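Below, each chain spelled out in residue letters.
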4 protein chains.
Amino acid sequence: MSVLEPAGGEEVKQAKEVEDAEKYSFMATVTKAPKKQIQFADDMQEFTKFPTKTGRRSLSRSISQSSTDSYSSAASYTDSSDDEVSPREKQQTNSKGSSNFCVKNIKQAEFGRREIEIAEQDMSALISLRKRAQGEKPLAGAKIVGCTHITAQTAVLIETLCALGAQCRWSACNIYSTQNEVAAALAEAGVAVFAWKGESEDDFWWCIDRCVNIDGWQANMILDDGGDLTHWVYKKYPSVFKKIRGIVEESVTGVHRLYQLSKAGKLCVPAMNVNDSVTKQKFDNLYCCRESILDGLKRTTDVMFGGKQVVVCGYGEVGKGCCAALKALGAIVYVTEIDPICALQACMDGFRVVKLSEVIRQVDVVITCTGNKNVVTREHLDRMKNSCIVCNMGHSNTEIDVGRLLNLSCSTVPTFVLSITATTQALALIELYNAPEGRYKQDVYLLPKKMDEYVASLHLPSFDAHLTELTDDQAKYLGLNKNGPFKPNYYRY
Amino acid sequence: MSVLEPAGGEEVKQAKEVEDAEKYSFMATVTKAPKKQIQFADDMQEFTKFPTKTGRRSLSRSISQSSTDSYSSAASYTDSSDDEVSPREKQQTNSKGSSNFCVKNIKQAEFGRREIEIAEQDMSALISLRKRAQGEKPLAGAKIVGCTHITAQTAVLIETLCALGAQCRWSACNIYSTQNEVAAALAEAGVAVFAWKGESEDDFWWCIDRCVNIDGWQANMILDDGGDLTHWVYKKYPSVFKKIRGIVEESVTGVHRLYQLSKAGKLCVPAMNVNDSVTKQKFDNLYCCRESILDGLKRTTDVMFGGKQVVVCGYGEVGKGCCAALKALGAIVYVTEIDPICALQACMDGFRVVKLSEVIRQVDVVITCTGNKNVVTREHLDRMKNSCIVCNMGHSNTEIDVGRLLNLSCSTVPTFVLSITATTQALALIELYNAPEGRYKQDVYLLPKKMDEYVASLHLPSFDAHLTELTDDQAKYLGLNKNGPFKPNYYRY
Amino acid sequence: MSVLEPAGGEEVKQAKEVEDAEKYSFMATVTKAPKKQIQFADDMQEFTKFPTKTGRRSLSRSISQSSTDSYSSAASYTDSSDDEVSPREKQQTNSKGSSNFCVKNIKQAEFGRREIEIAEQDMSALISLRKRAQGEKPLAGAKIVGCTHITAQTAVLIETLCALGAQCRWSACNIYSTQNEVAAALAEAGVAVFAWKGESEDDFWWCIDRCVNIDGWQANMILDDGGDLTHWVYKKYPSVFKKIRGIVEESVTGVHRLYQLSKAGKLCVPAMNVNDSVTKQKFDNLYCCRESILDGLKRTTDVMFGGKQVVVCGYGEVGKGCCAALKALGAIVYVTEIDPICALQACMDGFRVVKLSEVIRQVDVVITCTGNKNVVTREHLDRMKNSCIVCNMGHSNTEIDVGRLLNLSCSTVPTFVLSITATTQALALIELYNAPEGRYKQDVYLLPKKMDEYVASLHLPSFDAHLTELTDDQAKYLGLNKNGPFKPNYYRY
Amino acid sequence: MSVLEPAGGEEVKQAKEVEDAEKYSFMATVTKAPKKQIQFADDMQEFTKFPTKTGRRSLSRSISQSSTDSYSSAASYTDSSDDEVSPREKQQTNSKGSSNFCVKNIKQAEFGRREIEIAEQDMSALISLRKRAQGEKPLAGAKIVGCTHITAQTAVLIETLCALGAQCRWSACNIYSTQNEVAAALAEAGVAVFAWKGESEDDFWWCIDRCVNIDGWQANMILDDGGDLTHWVYKKYPSVFKKIRGIVEESVTGVHRLYQLSKAGKLCVPAMNVNDSVTKQKFDNLYCCRESILDGLKRTTDVMFGGKQVVVCGYGEVGKGCCAALKALGAIVYVTEIDPICALQACMDGFRVVKLSEVIRQVDVVITCTGNKNVVTREHLDRMKNSCIVCNMGHSNTEIDVGRLLNLSCSTVPTFVLSITATTQALALIELYNAPEGRYKQDVYLLPKKMDEYVASLHLPSFDAHLTELTDDQAKYLGLNKNGPFKPNYYRY
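A brief structural summary. What you see is a predicted model, and the numbers here were worked out from it, not measured in a lab. (Residues numbered from 1 in each chain as written. Chains lettered and ligands numbered in written order. Predicted model: local features only at pLDDT ≥ 70, side-chain atom pairs only at ≥ 80, totals over all residues. Heavy atoms only, no water.)

1. As for the overall build of chain A
If you tally the helices and strands in chain A, you get 18 helices and 14 strands. Sequence separation of 24 or more characterises 73% of the internal contacts of chain A that already satisfy a separation of 6 or more. A total of about 17500 Å² of accessible surface is found on chain A, and carbon and sulfur atoms cover 50% of it. (Helix = DSSP H or I, 4+ residues; strand = E, 2+ residues; numbered from the N terminus. Contact = heavy atoms within 4.5 Å. Areas by Shrake-Rupley, 256 points an atom, 1.4 Å probe, with all protein chains shown as cover.)

What follows is the structure, encoded as structure tokens:
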């Protein structure tokens, strides 16, 4: 089915779907009908909201939307009442008379502004960065072309970049994930944004092109999420790279492609892999999944956790988060692992390490977090008990080997987690833009540990956490700079 | 506002609202606008679903509905397309030609049947009771008049009572909580059910009356939830009590009124207080709230729990459940208490015991579970930090002292918890109906411990839990009957 | 063997041994020798410290001793160097010239005083009670005869009673548990104490007799621990009961005997069962065992908890404490239960409920906390894997059915727990002594809940816990007195 | 005082003391006397056992000794009754007539053998390695000179090396840590062991020399713990390095010195740093400290954890373990940190991050795990409340800035943890000995991840853990070898 098996040929998109899947949980309930045929109950409500051919891409993004829905659900519903004219054919101007954007409806700007203001409350780290660096404008002269999800949280990032001196042109990295009212607010504020919810394939590339291909303005920084923008520039405007000081890439897929370019000797500017920074990783995986596994299961199935037998496939950061949360709420948790070190960790944390086939008959919930494929096979499905819940928390949408499984995304990503990512992106841009010549070559770099620590430190005030400072004497004793970095690069946290 | 201050005069209803509130969480976010006025953000989406004058009653029940929505949301939406003729004016017959019911639309029966079947899967205890007792029919001859929420879960209870030999007539204890398709399925199955979603005040009492006041059939058992049915019989048909062998009452309010009747010497039949049975209490409070506090907060606010400072007012069973769950997910939890024993428990469980005023400035979330009034005062609200979340998990809707707070219910009650309650009700009916004369006087009784234990034992198979049996020798050593009861009445569990 | 099977005939002593066992853990390791015979490795060191015929009685008490050993171990070892003259034959006077006592060596008084002072630091509740009530002297005129373990903690209790106006005469309830230096300090301070470590059977009763049978002083209150003193008065000086206002009894055994006397109509004064007060129970069982299971296992076996498979027999308060602690440290815990309600609690708390035989082959540790007999049988022992640890945390010394098991006590009871008990005893004495005539009949009473709450409140300051007070308005709303009691008697905490 | 400030000049020893300290907890109680002078109560019993000039070195090792004491305490005490002739002057032969050793008393061999057998039970990984590799004898031809603590656990390692084909000569890395009976058993079994408890400084180097400097036998592998053996060879017999294929070093200090040699270009053979292998690190720090903090505090102070306020300085692996355990047992835990990333982790794990001075007045326990110096200063000590417990779990013995603090070690290291280390050492020896020429240069290496994984896998059977194997298809999908390594080198576990 198309949901899981998007028609091939468009390699770029397919890769991205896999990646989007990684952050959220997908879920199905095995309902055995009297005749013991296997059926998969789907959540109609969710499904009918997004009855699209490409399916999954939109589903994964329904999340960040529903995340903001608690504040702004009204907006989504007014969309449908909008006229059906393509934004590309509309003539719109903002209140200052500028038409340097293309959004669904500029009139939604006020509502979008309120969304952004709400997001700012949970992204105090970015606001704090804005204030600290506003004077020196470390991005003065930066011309950033960006391609990300366009949500209230991204808007806070973009406006921070502007506050630090940058000029920005922005498109969406996903045809469904744009919050139209936020795009309108950005356009009203003077950002050159080209994005709307429900773009066609052609619209998608048109928007990207409009960001890059413009007279009298040439980007010198790229902020990408998924690699489509980078891909487009490579393909269409390779000469642009002459001015580019660096690429900042957030996604697993995009990073993977950068490493491939690098290996192939084709990477012609420095690139920063912000996906693998310590802080981002811990929040995207361990801390976020510790909460989202409960939220996702509860919203979709109303299952009571207490006393339930659960098997978690994979004991990496995602698996660790799932296991800890479920154990804490009274579930009996089993773990499967291929890696003996992670398996030993599972033992020491109080989980029995088993093969899936040993417990498949008795468990109430199966959760996959392996990044591997065919972890749950047809044979496993056949042996599950009736109403067993199958949930994919993993990187890959192929963890569960069924032709017709309807994976549905069902939990939200707290703004705080998005704040970590956005702050990391901003710092990576600042670092690459300001780095003395020669510090970065034509290669892929991890965020310097000191900046990783800085991202963390910007988020501490929201917990009213008070850091201890080293005395001169102590710093000397430890052989450290008083301002960090505090750990060697190989430190495991 | 009407939500919190229903127009007086109808004492019966008001009491019930308080009670319904007890099981669910109500929530608001304190958003301090630039001018420092306090505003309460409400969840529009939820609210617009139930735009009723009386408000709260429906909201609290929207829960069990949304609980089933994950399976059957379609149904709810078709309601609105229904014609607007009152069910009292419709002429409907089921497929066997009977018209002994009054529901919204008998044609929804098939869909309702599927809902009931799904509920049966999570109520295996009742099904098991059905099977064990089907042969001896312990309720043969019982004529039960019932007044409860009419949901898929209640239907499983009603049909169990029928399977054990009872005849049943049923109305709804709440004008908004009826699942129309379930009522239709019951009617189709031959149960005399009089209920629909959106009854008027007049409809409400008309339905109850139709259950009691019928030629050629006189009830000998009452199953009540809230005391309205009992109240009606007392007021209109006191002679019915001559035949009544007992009343089974589930709710806090209903039980309270029975105790008052008993004190006043007006209780003329035995009554069973199933609300305070050990098993039901633990599940309604500790186990259910341990999960629903997370679910409720997440669904409404998307708050990240890790690192949040939370104060929980009250360390009873509800408070204990909330504290345990939040601590497990990385929140820093403070407790307020008036009772030194509970306060000492909080200390030993690792929570600092403070006065609310000591921490009100620093906390991110305030949760009340006291059953008391004015626990959070205007003064506290004024000192909270911006975007502090205030959540009422308590018994009383007056815990938070504000005139215009919009309390919204936002979590679900797992079917498993409802199964505990329904099984307890069934056993109480069997006990009262079959008790030898003289065992129960005109008083309010708790469920015998042995039956409480039986309720628990019926639910163990769903956890694949294997009970150990005493040997004769051990039973003698302990001075116990091998089949229980296993604990003295004062045992604290 | 004598350790577990003390020679019959002396019913009084045997009962006490059982009871003493209840608070501590007893342990053995199953070591399967090459020929697969079962042997029990004993902890030589512990054992050789107390090489007594009666064995167990001393062992169970070695605990509170070792508890103080960390402060004062020197003292214990100097004992052995003491002369071998019986205290009964020594002529000793304290510094004020009084000889109204009989202890091992009055010269140890100074050292004993230091022990008492250290204990006072952890018993601030008693000190606080001393201060609050010192003015009104609620025990003025009270003549208390006591029979308890004589330790630094008891001394704090005795001196508190004196400070509140009482006169005290004291003997030991166990022939091995007296801390000689503490007895000396009490004697030096003017308390008529008759006790030393290593009394003979004859000495034991002689000491009790010296407390009761004295010219010109007649007891009007009894504080007993085990019932031996009460038994002696009943048998030898029944007329003393004419003046006795009440008996306060702490132990399971003593309370059991009082209930038997009451049933038989032979109880001729009011008696207070302080064993079953809420606060004492929670601390003696749940809170104390949560810590002592880890301590006991670690000290005796150095077992690493992480990843160990453990089965806990019995999920009462003791079992709950053990399970919670072991789970928290990474053990995989199974539970056996006979009571379906407790079994269901175990499920909801995340433990698989099994029969012992299902897991006996695979577990690394077996812990019994049932109070039942023959819970672990020879057959189970035969099937255990090599080096499986068997540990008795239970009430009964017969939980493990082996002829030659060497049970060894190995953990300590924190002074804080003893403080709870001592405060409860003091308040019970005050209540009984000051109760208006007629409040208490010739029956066994539980401590009034208000005093139970008072015990708790006296211990809150040591946690810097701040209790919230009800407003007049709230108290009225809840129908409570502002000063408590705050809960109905049947409340489960 | 000498305990903390060993006379300078012998740099080698001093470094080791610091390192030994790292694994154990050191503790003191702040007792404020009436005059408010600060005194530190020391645990007399522990202290008088080891009344040595150098003090600390022995104390830290008293641990692994006491670890085995539960099985064999008798032996330790008989030592003292031994004759006082130096082993160097004794003429001893084992039962096969060999005199190629120097131990305290060869007659203790039988008892030592039993100790080794008991240790083998908890070191099944080594036994398993012995069996798997016994056929191919991967150490055939290896001539290993070793210098480690000589305990039952080390004996299992040495005999495993022999079983795999190696010849071994062994001395002790610490003058107090040798278990004489174990050394005797090794000598009886034919190992050339030169070590006894209570060596003089001169004895220490004499023993090392006897291992290295022998006619007709030249070592080709070095196994060192602390670097003394390596140091001796560098200084006295540099030509030996011509034949040495590699050095395996376990300790922090020894590894530090190897890196210094390497930096200075003086390292002339490959060296393997086994200290920093993932598996060893996790067990030495996180898992071991999670248990030992409870054990150490309980044994020395009998403190009740429930409700205690504790501040943990440092949130690395050791701090994480301490915090998790204390939180689980009901303590209220605060954290101090200098590193914002670790601070953010502490927040997300539910701990308030504070400066020490903010909480020093209120806490009951202070635990340092920083590796830094002067973390607790005189000023902090002055502000602590009476009877506050101060405990050093850290790497450095200078964390607490007092002149005369008596640090005492008080917990044990489970054999299982030592098994991890020993297995890692064995595999490192096998790897270095068998590596094809050129794989390792004159540098310091971490254990290859695959061997780290192998260490873990050897320990899984003791948890009955079942690893899942990749299918060919999955391995290909993930780009992994089916047998590992399964993670990139930078993976954080």
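2. As for the nonpolar core
In this structure, A:Ile367, B:Ile367, C:Ile144, C:Val193 and D:Ile144 are the most contacted members of the largest nonpolar core, which totals 210 residues. Not counting residues up to four positions away in its chain, the partners in contact with B:Ile367 are B:Ile293, B:Leu297, B:Val310, B:Val311, B:Val312, B:Cys313, B:Cys322, B:Leu326, B:Cys391 and B:Met393. With 209 residues, the next largest nonpolar core counts A:Met221, B:Val413, C:Cys322 and C:Ile341 among its residues. (Core = buried A, V, L, I, M, F, W, Y, C linked by side-chain atoms within 4.5 Å. Buried < 20%, exposed > 50% of the residue type's maximum accessible area, 1.4 Å probe, protein only.)

3. Comments concerning the sheet that holds strand 7 (residues 246-249) of chain B
Strand pairing in a sheet relies on backbone hydrogen bonds, with the paired strands running either antiparallel or parallel. Residues and elements named next belong to chain B. Ordered by their spatial adjacency, 7 strands build an open sheet running 5-4-3-6-7-8-14, and the pairing between neighbours is parallel. Among the strands making up the open sheet, the edge pair consists of strand 5 (192-194) and strand 14 (444-446). Strand-to-strand twist across the sheet, computed as the mean angle between neighbouring axes with direction ignored, equals 20°. The sheet contact formed by strand 4 (residues 167-172) and strand 5 spans 3 bridges and is parallel. Among the inter-strand pairings, Arg169 is bridged to a residue of strand 5, identified as Ala192. Running at roughly 160° to strand 4, helix 6 (residues 152-163) makes contact with strand 3 (143-148), strand 4 and strand 6 (221-224) of the sheet. (Pairing = 2+ DSSP bridges. Axes fitted to C-alpha atoms, helices over the stretch in contact; angles between N-to-C directions.)

4. What to know about the pairing of strand 9 (residues 309-313) of chain A
Residue and element names in this part refer to chain A. Buried residues dominate strand 9, accounting for 5 of its 5 residues. Here strand 9 shows no split at all, with Gln309, Val311 and Cys313 on one side and Val310 and Val312 on the other all buried. As paired strands, strand 9 and strand 10 (residues 332-336) are joined by 5 bridges and run parallel to one another. The partner of Val311 across the bridge, within strand 10, is Tyr334. Between strand 9 and its parallel partner strand 10, the chain crosses via helix 12 (residues 317-328), and the hand of that crossover is right-handed. Pairing analysis gives 4 bridges linking strand 9 to strand 12 (residues 365-368), with the strands arranged parallel. When the bridges of strand 12 are listed, Val312 appears paired with Ile367. (Right-handed = clockwise from strand over helix to strand, strands pointing away.)

5. Let's talk about the interface of chain A and chain D
The interface is formed by 60 residues belonging to chain A together with 60 residues belonging to chain D. Here chain A and chain D share an interface that buries about 5700 Å² over both sides, 59% of which is from carbon and sulfur atoms. A per-residue breakdown of the area chain A buries against chain D is headed by A:Ile338, A:Met348 and A:Arg492, which together make up 14% of the total. Our count for the chain A to chain D interface comes out at 8 salt bridges. Ionic pairing is found between A:Arg352 and D:Asp464, a salt bridge with its closest N-O pair at 3.1 Å. Seen at the junction of chain A and chain D, the total is 20 residue pairs in polar contact (both at pLDDT 80 or more). Elements that contribute at least two residues to the side of chain A that touches chain D include exactly helix 11 (278-301), helix 12, helix 13 (340-348), strand 11 (352-353), helix 17 (449-459) and helix 18 (472-478) of chain A. The residue inventory of the side of chain A that touches chain D, partitioned by class, reads 26 nonpolar, 16 polar and 18 charged. (Buried area = accessible area lost by both parts, 1.4 Å probe. Salt bridge = Lys/Arg side-chain N within 4 Å of Asp/Glu carboxyl O. Polar contact = N/O pair within 3.5 Å; in protein donor to acceptor, adjacent residues only side chain to side chain. Nonpolar A, V, L, I, M, F, W, Y, C, P; charged D, E, K, R; others polar.)

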